[in-house]
Amino acid sequence: MKPFSSESIVIKAPSFKVTFLILLFGLQIVLLLCYDAYYTKQISSDNRLFAISNFIAPKNNKNRHYFAVVTILSDISSKERRLAVRDTWLRFYQPEHSNFEVLVKFVIGQPYCVMQQLPCSEQDLQKEERLRKEQDDFGDILRVHAEDGYNSLSDKVCALFEWAADISFDYLIKTDHDIFIRLDTIFDELKNFGPTPKKSYWRGLVWKDIQPIKNNEDKNKELTYELLKFPV
């Protein structure tokens, strides 16, 4: 039997390159853990980021019937436009002088940081704080689970339809905060249909056989839609 010798086992020290890669990988793990802890702490401790459910219609709305639900697409930063709508064409509907009930909601999405589950900037938090104050003053803001950006308008519309599906109403009106509409004229026309709501009734400007815009520089681009035409 051969006696044990120090030459029997050879252990090579790792090269500088291998050592550097190991340390770099370990540093990345530490940074990721620190970031996750920071993000979790910020989201859990910062109550200025209100939950989406705070702006969804109260549950008692589901037990009430509305003649019309008026939804107005807006965005977080457009308070002045919402004030203009409240002071102008929304006044065509006077609840105290009407024998029917209408629900009005400004539809606003979520900041990019919320949708991407990232820490929100101080500017985002300030906007949210102002929006919370506006909601406290008027109570007519609906937050939906969609990004609050121009390229996410379709997502916001789909989200408001999902919300409206839980509400009892005869007619749904969708418009934007930069549109002036005569609610009194629209309501008179709808009431002329009689006590039974008209089924499959659509009213408005309809564009048919529209192809999606694939130009990345166009603000109306639709790069993810795969069909040749929109389904109208």
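These remarks concern the structure in this document.

Attention shifts here to the overall build of the protein chain. The secondary structure content of the protein chain amounts to 6 helices and 4 strands. The secondary structure elements of the protein chain, listed N-terminal to C-terminal, are α-β-α-β-α-α-β-α-β-α. Per-residue burial for the protein chain yields a buried fraction of 28% across its 232 residues. A fraction of 73% describes how many contacts in the protein chain between residues 6 or more apart in sequence connect residues 24 or more apart.

Where two aromatic rings form a pair, the distance of their centres and the angle of their planes describe that pair. Using the criterion set out here, one finds 10 aromatic pairs in the structure. Relative to Y171, the ring of F67 has its centre 5.8 Å away and its plane inclined at 70 degrees; by these criteria the two rings are edge-to-face. Of this pair, F67 sits in strand 1 (residues 65–73) while Y171 is found in strand 4 (residues 168–176), placing the two residues 104 residues apart along the sequence. Both residues of the pair, F67 and Y171, count as buried. Taken together, a centroid distance of 6.4 Å and an interplanar angle of 80 degrees make the contact between Y171 and Y201 edge-to-face. In this pair, Y171 is assigned in strand 4 and Y201 in the segment after helix 6 (183–191), connecting sequence segments 30 residues apart.

Here we come to unusual backbone geometry. Positive phi, close to 55 degrees, is recorded for Q117, a residue that is not glycine. Within the element layout of this structure, Q117 appears in the loop between helix 3 (112–115) and helix 4 (122–138). The phi dihedral of D209 is positive, around 55 degrees, even though this residue is not glycine. Counting through the fold element by element, D209 comes out in the segment after helix 6.

Before going further, it helps to spend a moment on the environment of C113. One can find C113 in helix 3. Separated by 34 residues in the primary sequence, C113 and E147 have C-alpha atoms spaced 9.1 Å apart. In this structure, C113 is in contact with L118, P119, C120 and D124, ignoring residues within four places of it in sequence.

Let us now look at the state of the cysteines. Tallied over the entire structure, the rule returns 1 disulfide. With a sulfur-sulfur separation of 2.1 Å, C113 is cross-linked through a disulfide to C120. Taking the sign of the S-S torsion, about 95 degrees here, the bridge from C113 to C120 comes out right-handed. Here the two residues C113 and C120 agree in accessibility, since each one is buried.

Attention now moves to a nonpolar patch on the surface. Taken together, the side chains of L205, W207 and I210 define a hydrophobic patch exposed on the protein surface, amounting to about 380 Å² of accessible area. Mapped onto the secondary structure, W207 falls in the segment after helix 6. Here W207 falls in the exposed class, since its relative accessible area comes to 60%.

Basis of the calculations
- Residues numbered from 1 in each chain as written.
- Predicted model: local features only at pLDDT ≥ 70, side-chain atom pairs only at ≥ 80, totals over all residues.
- Heavy atoms only, no water.
- Helix = DSSP H or I, 4+ residues; strand = E, 2+ residues; numbered from the N terminus.
- Buried < 20%, exposed > 50% of the residue type's maximum accessible area, 1.4 Å probe, protein only.
- Contact = heavy atoms within 4.5 Å.
- Phe/Tyr/Trp six-rings, centres within 6.5 Å; stacked < 30°, edge-to-face > 60°.
- Disulfide = S-S within 2.5 Å.
- Patch = residues over 30% accessible without salt bridge, like charges linked within 9 Å, V, L, I, M, F, W, Y side chains within 5 Å.
- Areas by Shrake-Rupley, 256 points an atom, 1.4 Å probe, with all protein chains shown as cover.
- Salt bridge = Lys/Arg side-chain N within 4 Å of Asp/Glu carboxyl O.

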